[in-house]
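Spelled out from the first residue to the last, the chains are:
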Amino acid sequence: MLELRKMNLLDIKEQWEYVTALPKDENGLTNPYEGITFEEYETTVLPELMMHENPVGMPEWFVPETYYYLWDGEVLVGEYRIRHYLTEALKVGAGHIGYSIKKEFRGRGYGTKGLAMVLDIAREIVPENEIYLRVLKNNIPSFKAITNNGAYIVDEDETHYLMRVKK
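Everything numeric in this text was worked out from a predicted model, so none of it was measured.

Peer 1: Explanation requested: the pattern of salt bridges in the structure shown.
Peer 2: A side chain with one charge may pair with a side chain of the opposite charge, provided their charged atoms come close. Evaluation of the coordinates by the stated rule reveals 13 salt bridges. A salt bridge links Arg 5 to Glu 3; its shortest N-O distance comes to 3.3 Å. Residue classification places Arg 5 among the buried positions, given a relative accessible area of 14%. Glu 53 is the partner of Lys 6 in a salt bridge, and the nearest nitrogen-oxygen pair spans 2.9 Å. You can see Lys 6 sitting in strand β1 (residues 2–6) and its partner Glu 53 sitting in the loop between α2 (38–51) and β4 (65–72), a full 47 residues away along the chain. We classify Lys 6 as partly exposed; its relative accessible area is 38%.

Peer 1: Help me understand the packing of aromatic side chains in this model?
Peer 2: A ring pair, where both rings are aromatic, is described by two values, the distance of the centres and the angle of the planes. Taken as a whole and assessed by the stated rule, the structure comprises six aromatic pairs. Geometrically, the ring pair formed by Trp 16 and Phe 38 is edge-to-face, given 5.5 Å between the ring centres and 90° between the ring planes. Taken as a pair, Trp 16 in helix α1 (residues 12–21) and Phe 38 in helix α2 lie far apart in primary sequence, 22 residues in all. Judged by relative accessible area, which is 21%, Trp 16 ranks as partly exposed. Geometry around Tyr 161 places Lys 137 over its ring, the cationic atom sitting 5.3 Å from the centre.

Peer 1: I tried to follow the packing of helix α4 (residues 110–125) against helix α5 (residues 140–148) on my own but got confused; where do I start?
Peer 2: One way to put it is that α4 packs onto α5 with a least axis distance of 8 Å and a crossing angle of 40°. With respect to α5, the axis of α4 lies oblique. The chirality of how α4 crosses α5 is right-handed. Between α4 and α5, the residues in contact are Gly 111, Thr 112 and Leu 115 and Ala 145, Ile 146 and Asn 148, respectively. Across the contact of α4 with α5, the residue classes tally to three nonpolar, three polar and no charged.

Peer 1: Which parts of the structure should I look at to understand the sheet that holds strand β9 (residues 160–166)?
Peer 2: The pairing of strands in a sheet comes from backbone hydrogen bonds and takes either a parallel or an antiparallel form. Across the sheet, which stays open at both edges, the three strands sit in the order β7-β9-β8 with antiparallel pairing between neighbours. Every interior strand has two partners, whereas the edge strands, β7 (130–136) and β8 (152–156), have only one. Taken over all neighbouring pairs, the strand axes of this sheet differ in orientation by 30° on average, direction set aside. Two strands pair when backbone bridges link them, and β8 and β9 are joined in this way by four bridges, in the antiparallel orientation. Within the sheet, the bridge partner assigned to Glu 156 lies in β9 and is Tyr 161.

Peer 1: Please clarify how the layout of surface pockets should be interpreted in this entry.
Peer 2: Empty space among the atoms becomes visible once a probe the size of a water molecule is rolled across them. Computed from the structure, the largest pocket encloses a volume of approximately 1,100 Å³. The wall of the largest pocket is formed by 46 residues, among which Gly 28, Leu 29, Gly 98, Tyr 99 and Ser 100 lie closest to the centre. If you list the elements that add at least two residues to the lining of the largest pocket, you get β3 (29–30), β4, β5 (75–83), β6 (97–101), α4, β7 and α5. No other element matches the six residues that α5 contributes to the lining of the largest pocket. Split into classes, the residues belonging to the lining of the largest pocket amount to 22 nonpolar, 15 polar and nine charged.

Peer 1: Even after reading the chapter, I still don't get the pairing of β7, so can you show me in this structure?
Peer 2: In terms of burial, β7 is a largely internal element, six of the seven residues being buried. Note that β7 and β9 share seven bridges and pair antiparallel. When the sheet's bridge partners are listed, Leu 133 is paired in β9 with Met 163.

Peer 1: How should α4 be read in this particular structure?
Peer 2: Residues lying three or four places apart along an α-helix face the same way, a consequence of the helix completing one turn every 3.6 residues. Taking 1.5 Å of rise per residue, 16 residues should cover 22 Å, and α4 covers 22 Å from first to last C-alpha, within 8% of that figure. Buried residues of α4: Tyr 110, Gly 111, Gly 114, Leu 115, Val 118, Leu 119 and Ala 122, and no others.

Rules and cut-offs
- Residues numbered from 1 in each chain as written.
- Predicted model: local features only at pLDDT ≥ 70, side-chain atom pairs only at ≥ 80, totals over all residues.
- Heavy atoms only, no water.
- Salt bridge = Lys/Arg side-chain N within 4 Å of Asp/Glu carboxyl O.
- Buried < 20%, exposed > 50% of the residue type's maximum accessible area, 1.4 Å probe, protein only.
- Helix = DSSP H or I, 4+ residues; strand = E, 2+ residues; numbered from the N terminus.
- Phe/Tyr/Trp six-rings, centres within 6.5 Å; stacked < 30°, edge-to-face > 60°.
- Lys NZ or Arg CZ within 6 Å of the ring centre and 35° of its normal.
- Axes fitted to C-alpha atoms, helices over the stretch in contact; angles between N-to-C directions.
- Parallel < 35°, antiparallel > 145°, perpendicular 65-115°, else oblique.
- Left-handed = near helix turned anticlockwise from the far one by under 90°.
- Contact = heavy atoms within 4.5 Å.
- Nonpolar A, V, L, I, M, F, W, Y, C, P; charged D, E, K, R; others polar.
- Pairing = 2+ DSSP bridges.
- 1 Å grid on protein atoms, 1.4 Å probe; cavity = no way out; pocket = protein on both sides within 12 Å on 5 of 7 lines; lining within 4 Å.
- Points joined across faces, edges and corners; volume = space filled by probe spheres on them.
- Expected span 1.5 Å × (residues − 1).

In structure tokens form, the structure reads like this:
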């Protein structure tokens, strides 16, 4: 059974394994934590990322962000990030949601199903009338997952489609 779990201390080992195995940049999702030690994740990274949901003392440009993990039973298969609102730069950039699915679980519908679940959460969080997403033009599986969830293209540049989903 599929379940979204907010980043937490109970699943720390699985979250660390996921984050540290994710490349620094894969299909536009950045990850500065590739290869860090468990101790670094536990003492520095996890507390910082959990604080991003309700930030204190962050720069004015910082946007609150919540991390969720997609689980199929007891197996962590994907990560989703929701930005609570957008700056002007994020409206033409990364948008509200970023996500990834473990390579060994791709092509099984997890992207589409997980995105549907996270869109339900985002609809309650984001103040904008639509949820903004961006996808690389050459990332056909992600494009399909996004369109399967009702998104449509509003603009494009050389490498990306800018897409929206109605709330």
